[in-house]
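# Tertiary structure, described
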Number of protein chains: 2
Amino acid sequence: MAHDHVMPTDLTRNQELVLGTLNHAPAPLSAYDILDLLRSEGLRAPLQVYRALDKLVERGLAHRLESLNAFVACADEHCHRKGLIAFAICEGCGKVDEFADAVIEERLGTWAGTTGFKVERTTMEIRGKCAECLKAA
Amino acid sequence: MAHDHVMPTDLTRNQELVLGTLNHAPAPLSAYDILDLLRSEGLRAPLQVYRALDKLVERGLAHRLESLNAFVACADEHCHRKGLIAFAICEGCGKVDEFADAVIEERLGTWAGTTGFKVERTTMEIRGKCAECLKAA
DNA sequence: AATCAATACGTTATAGCATAACGCTGCTGC
DNA sequence: GCAGCAGCGTTATGCTATAACGTATTGATT
Ligand SMILES: [Zn+2]
Ligand SMILES: [Zn+2]
Ligand SMILES: [Zn+2]
Ligand SMILES: [Zn+2]
């Protein structure tokens, strides 16, 4: 069941390399991590990675984790362009669990309605320990 | 009703300077912003600011906004040590609205319960436009 | 008072994350 | 052809954060 990722066919070479790297990573990677992993493929400068990441994030194929300054491949084929996504990040093993919750999203909508705030984008990141790491401890 | 902040008496000089700066700022400040504002008070190095910020955040007197790499003074005398706090950040004027929502928190607890994840800390940041900025546009 | 541990401080250097600005390449549509 | 656009490669720079060192201050212990 691992690597059940979709790889669109209309990516540029750099985008494909970056997304491929994220797809095979067991944990979030920083742009510089990605760069180091792709030097053998000819990449040399941070901008090459950042530009690819921008496009991938824009299309919902990858996500940025603000609290880590790092990136993950989208784990859910259906998540693209949906609203709120939450990430549970394990401090032990680094694994990230991506999920959506309609109740939270609706609750946020209610809050926005009463305050007149127009939500454009929400980041929700939960730090802690996953079940597996808790069991091991 | 502005500046209704509490300033504890047991802060060190640097902590007091940093918190005072945050209290008077209309929008989040980066550590380097704070440093520049406090050079006249004798501060010279980023670490002086970061160390003060660490303590202030630890005590709940200030909050770090992950999506901005910036800091705000806590707006709520009662928020310290409570669970989940959400921030609505206006992209127009920079103002930050801090709020808590028991339903979201409870919902998160439910999710954690079913997955076996142990939540240690949650960051929730909403980007968008505040009512005032929408009206002005 | 002398000792010790804990916390904060100041400074220099370095690491890690992100973008500006330039010019070039290779498409697509007219 | 050629204009417009997206992507590319490179160099330089800026912003964010911490490592490592030694000193100073405080407060409790003896
Ligand atoms: Zn996703
Ligand atoms: Zn884990
Ligand atoms: Zn607060
Ligand atoms: Zn506003």
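Since the structure is predicted, the reported quantities are computational estimates derived from the model, not experimental observations.

About the criteria used
- Residues numbered from 1 in each chain as written.
- Chains lettered and ligands numbered in written order.
- Predicted model: local features only at pLDDT ≥ 70, side-chain atom pairs only at ≥ 80, totals over all residues.
- Heavy atoms only, no water.
- Pairing = 2+ DSSP bridges.
- Helix = DSSP H or I, 4+ residues; strand = E, 2+ residues; numbered from the N terminus.
- Near = heavy atom within 4 Å.
- Polar contact = N/O pair within 3.5 Å; in protein donor to acceptor, adjacent residues only side chain to side chain.
- Nonpolar A, V, L, I, M, F, W, Y, C, P; charged D, E, K, R; others polar.
- Domains from an automatic or database assignment.
- Contact = heavy atoms within 4.5 Å.
- Buried area = accessible area lost by both parts, 1.4 Å probe.
- Salt bridge = Lys/Arg side-chain N within 4 Å of Asp/Glu carboxyl O.

### As for the pairing of strand 4 (residues 96–99) of chain A
Residues and elements named next belong to chain A.
- Relative to strand 4, strand 3 (residues 86–90) runs antiparallel, the two sharing 4 bridges. Within the sheet, the bridge partner assigned to Ala86 lies in strand 4 and is Phe99.
- Taken together, strand 3 and the strand that follows it, strand 4, pair antiparallel across an intervening segment of 5 residues, in which Gly94 is found at a positive phi of about 85°.

### A few points about the protein's contact with DNA strand D
- What surrounds DNA strand D is a group of 14 residues, the closest being Thr12, Gln48 and Arg51 of chain A together with Leu47 and Arg64 of chain B.
- A share of 46% of the atoms of DNA strand D within 4 Å of the protein falls on sugar and phosphate groups.
- With respect to DNA strand D, the side chain of Gln48 of chain A contributes an N or O atom lying 2.7 Å from a phosphate oxygen.
- Within the residue set of the surface near DNA strand D, elements represented by two or more residues are helix 3 (46–58) of chain A together with helix 3 (46–58) of chain B.
- The dominant element in the surface near DNA strand D, judged by the number of residues it contributes, is helix 3 of chain A, at 4 residues.
- When the residues that make up the surface near DNA strand D are grouped by side-chain class, the tally is 5 nonpolar, 5 polar and 4 charged.

### A short note on the domain arrangement of chain A
Residue and element names in this part refer to chain A.
- According to the domain assignment, chain A contains domain 1 (13–73) and domain 2 (86–136).
- Each of domain 1 and domain 2 was reduced to a C-alpha centroid, and the two centroids are 22 Å apart.
- At the junction of the two partners, domain 1 supplies 11 residues and domain 2 supplies 10 residues.
- Taking both sides of the interface into account, the surface hidden between domain 1 and domain 2 amounts to around 720 Å²; carbon and sulfur atoms contribute 58%.
- Looking at the side of domain 1 facing domain 2, the largest losses of area belong to His63, Leu65 and Ser67, adding up to 45% of the total buried there.
- The interface formed by domain 1 and domain 2 contains 0 salt bridges.
- Linking domain 1 with domain 2 are 4 residue pairs in polar contact (both at pLDDT 80 or more), by the criterion used here.
- Of all the secondary-structure elements, those providing two or more residues to the side of domain 1 that touches domain 2 are strand 1 (62–65) and strand 2 (70–73).
- Looking at the side of domain 1 that touches domain 2, the element that brings in the most residues is strand 1, giving 3 residues.
- Along the lines of polarity and charge, the residues of the side of domain 1 that touches domain 2 split into 7 nonpolar, 2 polar and 2 charged.

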